[in-house]
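Spelled out from the first residue to the last, the chains are:
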Amino acid sequence: MATDTAPGSTSEGAAEATPPVRTPDRTPRPEGNALNFFSQGFLWLWALMVIIPVAWIVMSSFKTTREIASDPLGLPEAPHWANYVNAWTNGNIGGYFLNTVQVMVFSVTGTMLLGAMAAYVLARYEFPGNRVIYFGFAAGMMFPVFLALFPLFKTLQNVSLLNTYTGLVIVYIAYSLPFTVFFLTAFFRTLPTGVAEAAVVDGAGHYRLFFQVMLPMAKPGLIAITIFNIIGQWNQFLLPLVLLGRNPEDAMISQGLANLALRQGYEGDSGALFAGTVLAMIPIFIAYILFQRQIQAGLTAGAIK
Amino acid sequence: MKHGRYPFILSFLALPVGLYAWLVILPFAQAFQISLTDWSGSSNSFEYIGFDNYVNLFKDERLVLPALRHTGIILVVLPVVTIALGLFFAFMLNLGGRVRRGRIEGVRGARFHKVVYFFPQVLSVAIIGILWKQVYAPENFGGLITGALTAVGLPAPVNGFLADKRLVLAAVIAVLVWSAVGFYLVFFSSAMASIPRDLYEAAVIDGAGRVPMFFKITLPLLWDSVQTAWIYLSIVALDVFVLIYMMTPERGGPDAASEVVGGVIWKYAFNHGEQAFASALGVVLFFAALSLAVVSLRFGRRERIEF
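As the structure is a prediction and not an experimental result, all values here were calculated from the model. (Residues numbered from 1 in each chain as written. Chains lettered and ligands numbered in written order. Predicted model: local features only at pLDDT ≥ 70, side-chain atom pairs only at ≥ 80, totals over all residues.)

(A) Here's a closer look at the overall build of chain B. For chain B, the helix and strand inventory stands at 13 helices and two strands. Taken over the C-alpha trace, chain B has a radius of gyration of 24 Å; the compact-globule value for 307 residues is 19 Å, which it surpasses by more than 25%. Seen through its C-alpha atoms, chain B measures out along the principal axes to roughly 80 × 80 × 30 Å. Counting only residues that meet the buried cut, chain B has 50% of its 307 residues in that class. In chain B, once contacts between residues fewer than 6 apart in sequence are set aside, the share between residues at least 24 apart is 67%. (Helix = DSSP H or I, 4+ residues; strand = E, 2+ residues; numbered from the N terminus. Rg over C-alpha atoms; globule rule 2.2 N^0.38 Å. Buried ≥ 20, exposed ≤ 12 C-beta atoms within 10 Å, placed from the backbone. Contact = placed C-beta atoms within 7 Å.)

Given below as C-alpha cells:
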C-alpha cells in the first residue's frame, strides 16, 4: 500500500500516475466525479486568488503612474521600463539587496554553527542543567519580540553596536537560536548511536566525532533548518527597523521596500514602487521554483516529530 | 570517552548560551523590570511605581482597549479560518479525486496547487503589505477590488477598504489568512500522507462518502497536527503588527480601527516615549502567549492513536 511512501509524495504520485485513457472495465462512480469537479473548482479559486494579485502587480509595474490610477485592470499601453530604472537607481533596491546578503552570510552561518553545537551537546550528553538550558531555548520561541525591542536597543547602544551590521548579525543569531536548537536537538536525538560508538572505538575525540561524524549525518536536518533561517532572516522587519534605523542606505531589503513605500506616499510614483517590489520578489521567486520541495520541507519542519 | 567531557560541553555551549542569555533573555527580563517603573526611555532617572502601569493599561480607551479587542478577534478568527481552509484544501488535494479500482485518488495537479498556495509564505511582509495595499486601494488610486467591483456594477467603498473603519480589520485578517493557508496546506498534507491508505479504501468498500471519511478518519488522526497549528497561529496572531504598519493609515487606523497590541507597544515605546507603559503591555502579551500555549497543550491532549 501507499504507507511506505515518503510524506507528501502520495498525492502527487497518484495524480501523476493517472492514465489519461479511461479504463474500460470500470466506470468511475458519479459521486467521485461530482466531488472531483467541486474540489477542482475550489482549489482553482484559491490558486487564482494567489496568482492574480501577484501577476497584477507585475503587470502594473510596467505601467505609467497615470495608467495605474486610471486603468487598473487594463494592460499597459507600452512597457514602461523607466519604473525599473527608477527603482534601481533612486530606490536603491540593488544596494539593499547587497546589504542583506552581506549580513546574512554571517548571520545564517553563525546561527547554524552555534545552533548545531548547542543542539548536539543537549541531545547527546547528559549533564546537570541540560534540561534547563533546553527549555530555556525552547521557551524563546514564544516570546513576543516587541517586548524586548527597546531593552535590546539600549543593550546594543551601550556596547556601540547600534546601527552596525555586526550588531545586527549577532542579534539575528540570538533570535534564530530558539527554533534552530529546538529542532536540531530533536534531529540529533534521532540519529543512530552505532556509528558514533564505532568512531569512539576508533579513537575519535569529542570534537572529531561532532565535525566528522555527526554533522555529516545530520545533513538533511541542517539543510531544512538552514532554509528556514534564510527565509526568516531575509524577511525580518522589526529588528533591522529598530537596530539599523540611522542610515537609510544601510537598510535591509524589507526595510528598504518600506522606505520606498513611504516615499511613494508623498512623491506619488507608484510605478517605481511596484517595480521595486517585483525586483525584490524575483530572487525569492527563482529560489522558490528551484528549491520548492526543500523550502516546503524546511518551513514545515515543525511537522516532523 | 569520559576524558575531557565537561570541557567539551562547556566549549560548545558557552557561545550560544552566552549570546542567547545576553541578547534574548536579559532584554526580556529588563522589560519586566521596566514595566514596574515610570521610565520614559530617554532619561536616566526613573522610580519604581509598582503595578500602576498595569492598572493604567486598562484605562486607556484610546489605544490599548481597542488594541486588546482587535488582537482578541484576530486570535479567534485567524486560527479558525486558516485551519479550516488548510484542512479542507489538504483533504481535497489528497483525497478529493475519483475512486478508481477501489482506490481514492488525489485531484489532478495537486503538485501545482501546493506550489502556488505556498508561495505567499516565502514573500516578506513588506512585499505582501505593498501588494495588498494596492489591491485594496480606492478606485481613483487604481485599486484591484474596487476597480473590479465597479466594472461589474457593484458598489465599492469610496476610499478603499483600508480607509473604512468597518472593513479595515477584516481586510487585514483576510491578508493574514491568504499568506498562511499555503503553509498549513503543506503541513496537513504531509500529515495526511502518513495515514494508511487502506483505512480509506475500507471506508470506500463500506460505501462511506467523503464527508464522513473526513470527520471519522482524517480529523481524529490529524488531531496532533491541528493542535500544533493552533499554537503556531495563536503566536502569529499575537505578533501581528508589521502588516498593519505597512498597510493601514496611521499604522493602526483609521481612528484606531485596526490598532493591535503589537502596534500600541510600538507607538508607546518609539513614538510617545513611554517605555514603561509599553513594557507593561508587552508583559501582558507575554503572559497571554504563555497561557495560550499551556491551555492548548493541557486541554488539547487526547489519547494518541497509533497507526
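(B) Representation of the interface of chain B and chain A within the structure. Listed by partner, the interface residues are 97 residues for chain B and 89 residues for chain A. It is helix 1 (residues 5–34) of chain B that contributes the most residues to the side of chain B that touches chain A, 16 residues altogether.

(C) Focus on unusual backbone geometry. Phi at Asn163(A) takes a positive value of approximately 60°, unusual for a residue other than glycine. Along the chain, the position of Asn163(A) falls in the loop between helix 7 (145–158) and helix 8 (165–190). On the basis of neighbour count, Asn163(A) is assigned to the partly exposed category, with 15 C-beta atoms found within 10 Å. Phi angles above zero are rare outside glycine, and Asp255(B) is one such case at about 60°. Note that Asp255(B) resides in the loop between helix 11 (242–247) and helix 12 (261–271). Judged by local crowding, Asp255(B) falls into the partly exposed class, with 13 C-beta atoms found within 10 Å.

(D) Geometry of the nonpolar core. Within the largest apolar cluster, 181 residues are counted, with the highest numbers of intra-cluster contacts made by Ala118(A), Val171(A), Val172(B), Leu243(B), Met246(B) and Leu281(B). With 20 residues, the top contributor of residues to this core is helix 7 (residues 168–193) of chain B. Leave out the neighbours within four places in its chain, and Leu281(B) touches Leu57(B), Val64(B), Val261(B), Val264(B) and Ile265(B). (Core = buried A, V, L, I, M, F, W, Y, C linked by C-beta atoms within 7 Å.)

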